[in-house]
Amino acid sequence: MRIANFKIEEWMNRYESSALYDLTTTCISPLSVNDLPYEKSIFDVKLGYGDITGSERLKTAIKSLYENQELENITVTHGAIGANQLVFLSLLEKGDEVVSIVPTYQQHYSIPESLGASVKLLFLKEENNWLPDLEDLDRVVTSKTKLLCLNNPNNPTGSVIPDWMLEKIVEIAQKKNVWILSDEVYRGLNLIGKPYSKSIADLYSKGISVGSMSKTYSLPGLRVGWIAAREDLVVEINHQRQYNTISVSILDDYFASVALENRDEIAQRNFSIMHSGLKILKNWLEREPQVDCVMPIGGTTALIRYNKDIPSRKLCRDLQAKTGVAILPGETLEMEGYLRVGYCVEPGCLEAALEKFSEYLRGV
Ligand SMILES: Cc1ncc(COP(=O)(O)O)c(C=O)c1O
């Protein structure tokens, strides 16, 4: 199966570890095992495969993130990356039509393309505060469309689709009998209003929610994600899943359960990092005339427009070589002329990195 290069992941593999100031990340400073209130007895647990589709304890904790999902509606995966892939493998065949709202995680258009689907991209626009235009959506999604993919809150723009708009999107999909895959890995990180938006799985019988421990719960190293969807689809997904997962590590399953059971404490810590980062970003944007940005209202990243006539890849390579600051070029997100900044890093690092970025901009 041929598949396009995964531009973001390739860029990060190449540049992230050598950065002195890493703003390419989408994670909120990760937690350690010692940050979690684990029971010592975990060290006595035999490292078998464990419960194949996720332990009852973990699925119960995941269920509590939704309004009306049951344990049978949930399957545990190898991160959200594994979840997304399983959804595509389970639903799509050659010739199917998929609409993907971009910018987004590249899996949402490159995997469908690799499976032979015809993919239509619907670009979010800055003038709409990076929210989907419902009239455009109603035009692009047709009765031939099988699946609509979106990412809410959105990476990279930090926009959050309000619940009323999610309901309108569901109406459009329902009218045309279209599945919706909503990648909700940043759900729980709304900076305005309630931290958790409604989940697509709770709103729509053909809504598929993908979640993960990586972003909202600061545990990307656990490699635990999940899918919540209606039971017949989860059965189909588990059928595919037999071939690529068996189970997630029994340790990952355990620590994910503990973290979700203590998510209020994690949220308190994470919102404090997010709000500090947002303040630093906002102050910097006010001082820096060469960039502009619709402020994020959720998630961990901001998409910044710059006013230099330099391709984003060149700018980012140059910036990192001269200053050690790593930022993600918009081209890797199909958004040339923009840069993605992860603002939920340690505040001192963010402040220093943005200062260095300004010095660099003054020099080019
Ligand atoms: C929108 C989105 N989906 C999925 C993933 C993959 O997440 P995970 O670490 O859970 O596999 C990412 C990672 O950056 C992401 O931003």
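Data block above holds the structure.
In this text, all values refer to a predicted model and were calculated from it rather than measured experimentally.

Participant: When you look at the pairing of strand β6 (residues 179–183) in this model, what are you seeing that I'm missing?
Facilitator: When a strand is regular, its side chains alternate between the sheet's two faces. In terms of residue burial, β6 counts as a mostly covered element, since five of its five residues are buried. Residues Trp-179, Leu-181 and Asp-183 line one face of β6 and the alternating positions Ile-180 and Ser-182 line the opposite face, and both faces are buried. Of the strand pairs in this sheet, strand β5 (residues 145–151) and β6 are connected by five bridges, and their pairing is parallel. By the bridge assignment for β6, Leu-147 is matched with Trp-179. Pairing between β6 and strand β7 (residues 207–212): four bridges, direction parallel. Counterpart to Ile-180 in the pairing with β7 is Gly-207.

Participant: I tried to follow the sheet that holds strand β9 (residues 291–293) on my own but got confused; where do I start?
Facilitator: Remark on secondary structure: sheet strands pair via backbone hydrogen bonds, oriented parallel or antiparallel. Taken together, four strands build an open sheet; the order of strands is β9-β10-β13-β12 and the sheet is antiparallel. Of all strands in the sheet, those bounded by a partner on one side alone are β9 and β12 (328–329). One ladder, built from three bridges, connects β9 with strand β10 (residues 301–306); its direction is antiparallel. Across the sheet, the residue bridging to Cys-293 is Ile-304, located in β10.

Participant: Any chance you could explain unusual backbone geometry here in plain terms?
Facilitator: Both trends apply: most residues other than glycine have a negative phi, and most peptide bonds are in trans. Cis geometry is adopted by the peptide bond preceding Pro-103, which originates at Val-102 and carries an omega value of 0°. Examined against the element boundaries, Pro-103 turns out to sit in the loop between β3 (97–102) and α4 (107–114). Between Asn-155 and Pro-156 the backbone carries a cis peptide bond, its omega angle lying at 25°. Considering the arrangement of structural elements, one finds Pro-156 in the loop between β5 and α6 (163–175). Even without glycine at this site, Asn-177 takes up a positive phi of about 60°. By the C-beta count within 10 Å, which is 10 here, Asn-177 ends up exposed. Backbone geometry places Ser-218, a non-glycine residue, at a positive phi of 60°.

Participant: Help me out: how do you make sense of the packing of helix α2 (residues 56–63) against helix α9 (residues 250–261) in this one?
Facilitator: How two helices sit against one another is set out by the angle between their axes and by the gap between those axes. Look at α2 against α9: their axes get within 9 Å of each other, and the N-to-C directions meet at 35°. Regarding α2 and α9, the two cross each other, and that crossing is left-handed. Between α2, through Arg-57, Leu-58, Ala-61 and Ile-62, and α9, the contact on the second element is made entirely by Asp-253, Ala-256, Ser-257, Leu-260 and Glu-261.

What counts and how
Residues numbered from 1 in each chain as written. Predicted model: local features only at pLDDT ≥ 70, side-chain atom pairs only at ≥ 80, totals over all residues. Buried ≥ 20, exposed ≤ 12 C-beta atoms within 10 Å, placed from the backbone. Helix = DSSP H or I, 4+ residues; strand = E, 2+ residues; numbered from the N terminus. Pairing = 2+ DSSP bridges. Axes fitted to C-alpha atoms, helices over the stretch in contact; angles between N-to-C directions. Left-handed = near helix turned anticlockwise from the far one by under 90°. Contact = placed C-beta atoms within 7 Å.

These values are about where atoms sit, not about what they do.
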